[in-house]
Every structure is written in structure tokens, then in C-alpha cells.
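Chain and residue survey
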Protein chains: 2
Amino acid sequence: MTKEDIIIKMVLDAWHTHVKRTNDLFNGLSDEQMMQEVAPGRNRGIYLLGHITAIHDKMLPLLGLGEPLYPELYGPFVENADKTISDLPPVAQLMEQWTTVNAKLADCFTGFKTEEWFEKHNAVKPEDFDKEPHRNKLNIVLNRTNHLADHLGQLKFLKKK
Amino acid sequence: MTKEDIIIKMVLDAWHTHVKRTNDLFNGLSDEQMMQEVAPGRNRGIYLLGHITAIHDKMLPLLGLGEPLYPELYGPFVENADKTISDLPPVAQLMEQWTTVNAKLADCFTGFKTEEWFEKHNAVKPEDFDKEPHRNKLNIVLNRTNHLADHLGQLKFLKKK
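Residues numbered from 1 in each chain as written. Chains lettered and ligands numbered in written order. Predicted model: local features only at pLDDT ≥ 70, side-chain atom pairs only at ≥ 80, totals over all residues. Heavy atoms only, no water.

**Side note on empty space enclosed by the protein**
For the record, the criterion: Method remark: on a 1 Å grid restricted to protein atoms, a set of points is classed as a cavity if a 1.4 Å probe fits but cannot get out and as a pocket if it is open with protein on both sides within 12 Å along at least five of seven lines; lining residues have an atom within 4 Å of a point. Grid points are joined across faces, edges and corners, and a volume is the space filled by probe spheres set on the points. Numbering goes from the N terminus for both helices and strands, where a helix is a DSSP run of H or I of at least four residues and a strand is a run of E of at least two. Nonpolar residues are Ala, Val, Leu, Ile, Met, Phe, Trp, Tyr, Cys and Pro. Charged residues are Asp, Glu, Lys and Arg, and all others, Gly as well, are polar.
Summed over the entire model, instances satisfying the criterion amount to 1 cavity of 30 Å³ or more. A volume near 70 Å³ is recorded for the largest cavity. Listed by contribution, the elements that provide at least two residues to the lining of the largest cavity are α1 (3-27) and α8 (137-155) of chain A together with α1 (3-27) and α8 (137-155) of chain B. Residue classes in the lining of the largest cavity are distributed as 8 nonpolar, 4 polar and no charged.

**Describing the nonpolar core**
Side chains of a nonpolar character, in soluble globular proteins, are inclined to be buried together. Quick note on the threshold: Residues grouped as a nonpolar core are buried Ala, Val, Leu, Ile, Met, Phe, Trp, Tyr and Cys residues, joined through side-chain atoms within 4.5 Å. Exposed residues in this analysis have more than 50% of their type's maximum accessible area, buried residues have under 20%, and partly exposed residues fall in between, with area computed by a 1.4 Å probe over protein chains only. Residues count as neighbours in contact if any of their non-hydrogen atoms are within 4.5 Å of one another.
Formed by 98 residues in total, the largest nonpolar core has its most connected members in A:F109, A:W117, B:F109 and B:W117. Elements with a minimum of two residues in this core: α1, α3 (45-62), α5 (91-111) and α8 of chain A together with α1, α3 (45-62), α5 (91-111) and α8 of chain B. Excluding its chain neighbours within four sequence positions, the residues that come into contact with B:F109 are B:L12, B:W15, B:M59, B:L63, B:W117 and B:V141.

**Let's talk about the confidence of the model for chain A**
For clarity, the threshold we go by: Along the chain, pLDDT gives the predictor's confidence residue by residue, from 0 to 100.
Averaged over all residues, the pLDDT of chain A is 97; the fraction at 70 or higher stands at 100%. Interface scoring of the predicted complex returns ipTM 0.96; its pTM is 0.97.

**Examining the relation of the copies chain A and chain B**
Cut-off, in case you're wondering: Copy-to-copy alignment: least squares on C-alpha atoms, limited to residues at pLDDT 70 or above in both.
Of the transformation superimposing chain A on chain B, the axial component is 0.0 Å and the angular component is 180 degrees, with the fit at an RMSD of 0.0 Å. In short, the pair behaves as if placed about a two-fold rotation axis. When each C-alpha of chain A is compared by its distance to the rotation axis, A:D150 comes out closest, at 2.1 Å. The residues that chain A uses at the interface reappear at the interface of chain B in 100% of cases, marking a shared surface.

**Some words on the interface of chain A and chain B**
Under the convention used in this document: A 1.4 Å probe defines the accessible area here, and the buried area is the portion of it lost by two parts on being joined, summed over both. One speaks of a salt bridge when a side-chain nitrogen belonging to Lys or Arg is within 4 Å of a carboxyl oxygen belonging to Asp or Glu. Pairs of N or O atoms within 3.5 Å make up the polar contacts considered here, provided that, within protein, one atom can donate a hydrogen while the other can accept it, and that residues adjacent in sequence are counted only when both atoms are side-chain atoms.
Chain A puts 35 residues into the contact, and the matching count from chain B is 35 residues. Summed over both partners, the interface of chain A with chain B buries about 3200 Å², with 67% contributed by carbon and sulfur atoms. When residues of chain A are sorted by the area they lose upon contact with chain B, A:M10, A:R42 and A:F157 head the list and together hold 21% of the total. Here chain A is connected to chain B by 4 salt bridges. Summed over the shared surface of chain A and chain B, the result is 8 residue pairs in polar contact (both at pLDDT 80 or more).

**Here we look at the side chain of A:T53**
Tracing the backbone through its elements, the reader meets A:T53 in helix α3. When neighbours within four sequence positions are excluded, A:T53 is seen to be in contact with A:L73, A:L94, A:Q97, A:W98 and A:V101.

Encoded structure:
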């Protein structure tokens, strides 16, 4: 195993671990709990679920894996704050979309060759990438794992003590 | 820049970004705010500060960088839950220890050679490392960044909206 492959495994392991932890948490929460705020005056569970789904969905075009599956989530769950949009999709539908987009990502990750992880992601200009080769596809996964960890820490508060 | 060096930079960038975000947050919080629970019935700011400090301090021996600077923090902030120990150190002291341990880590990281990041960390047995070469020093930094991101998401709730 080359050092590149070792590191790719490290980054993907961290990604899968956090997706699994989030799924385990969601599996123990009712739809009613998902409608609660994670802390007083803060985002609700349903908003954070839609938010992480929309952000993961956006990874598809960033990684050159096609169009987002659910572009309609970006407005209500990324561009707008919670409790400003009144007609959100039901929790069950968001949960299905969350599962589908992560399954698609996992499937695509398996097919990536070592070299492909070091290609530029689609939000960097080629001329910038020459100077900043760390802005590659693997970095998207690394940073989105931290993004998920941040919100997972918050979502845990929905669980009864 | 080799692929190994690009990836090491990615992991260290994510580490430094999250330490900085945490510092920026702490700079905007009063000692009184740090004594509050981040959400009703959950950990207080002071506990999470002591917790991330103790966990970062423990990285020193894991990375072969010497003994922890503040081993006395491990008991009250890792082995015991919040609000079970009545005499915690003052916030100002913990804040200083948080800064000191991160400065020491940052300093040591700068001195690491590429190869050193791929050496086994000190909680893995040599025979296990042969089969699991991803359990290296860089992986400690990657995973502790996720750990910090998780708690940073919670600490943000101490800020007034």
C-alpha cells in the first residue's frame, strides 16, 4: 500500500465513520424529536438534516460526479436560515434523500483511482490549482467530514439524556 | 510538492483552521458565559474547554513528543463527566493551558519530516501497525480535528444570538 493510498483510506474511514455515527443517531430519534431545536433558539433537527443532505449533495458536482440529486434543498437548507421557510419537506423524505446521496457518494468513492483524488475539485480554477494543489477532491471529503462532525455534535442534543 | 506533502498540508490546514475558529469563539466569550451549559442539561463551556485541552495534551505522548504538560486535567475532564467534580481550575488558567498545548503542538508539527507523519503512533503495537499502516501520526491529527469540530459545534451555542 503506497502512502497516498494509506492517506486516502484514512480520509475515507473518517468520512464513513461520521456518516455512520450520524445514521445511528438518526435511527434513535423520532420525527417529533427531529422537529425540536437542538438547543433553545437554535436550528431544529429537520433543518440540520436538510442542511447536511444539501451540502453532501453539492459534493457531487464538486467532485465531478454529475449534477446534484436534490438541488431544491439548497435554498431552504443552506441559503436560508431555519424557521424562515414554512413549507419544508417531511422528515421521512429528507431522511431518504440523506441516505440516497450518501450511498451514491460511497459508491463513487469506491471507484476513484488514487490519482483522481489529487485532481482539482470543480470550484477551483486551473490556474489557481497550479499554485494550490491541496485544493483537490480528497480535500473536499476531508473538509465535509469536519462539517458533518460539527453538526453531529449539535444533533446529539436531540437525544434524551 | 509530493502528494504526501500535499496531503500533510491538507490535514494540518484543517487542524489549524479549527483551532483558530475555537480561539476566535473563546475570545468573544466571558468567563460567565464559559460557566454556562451549552444546552440545557449538557456540558458547560468550562468542561468542554478542559476536555479539548486534555485531549490535545494527550496527543503529545501519542505523537512521541514527550509527556503531557497537564496530566491532572485528564481525570476531571475526560474520565469524569461534567458537574461531578466540584473544584475545577478557573477558566483563565484552562484558557492559558489550551493556548500553551496548541502552541507546543503547532511548533512540533512544523518540525516533523514527511516520513515521520507515517510512523505509527504510540497507542498501536508494532505488529498491528504492520497490518494497519493507517494508524499513523497523521491520523491522530486528522481524528482530533474531527473531535474538535464536534465540540466546536456545541461551544458555538454559548454565543448570544
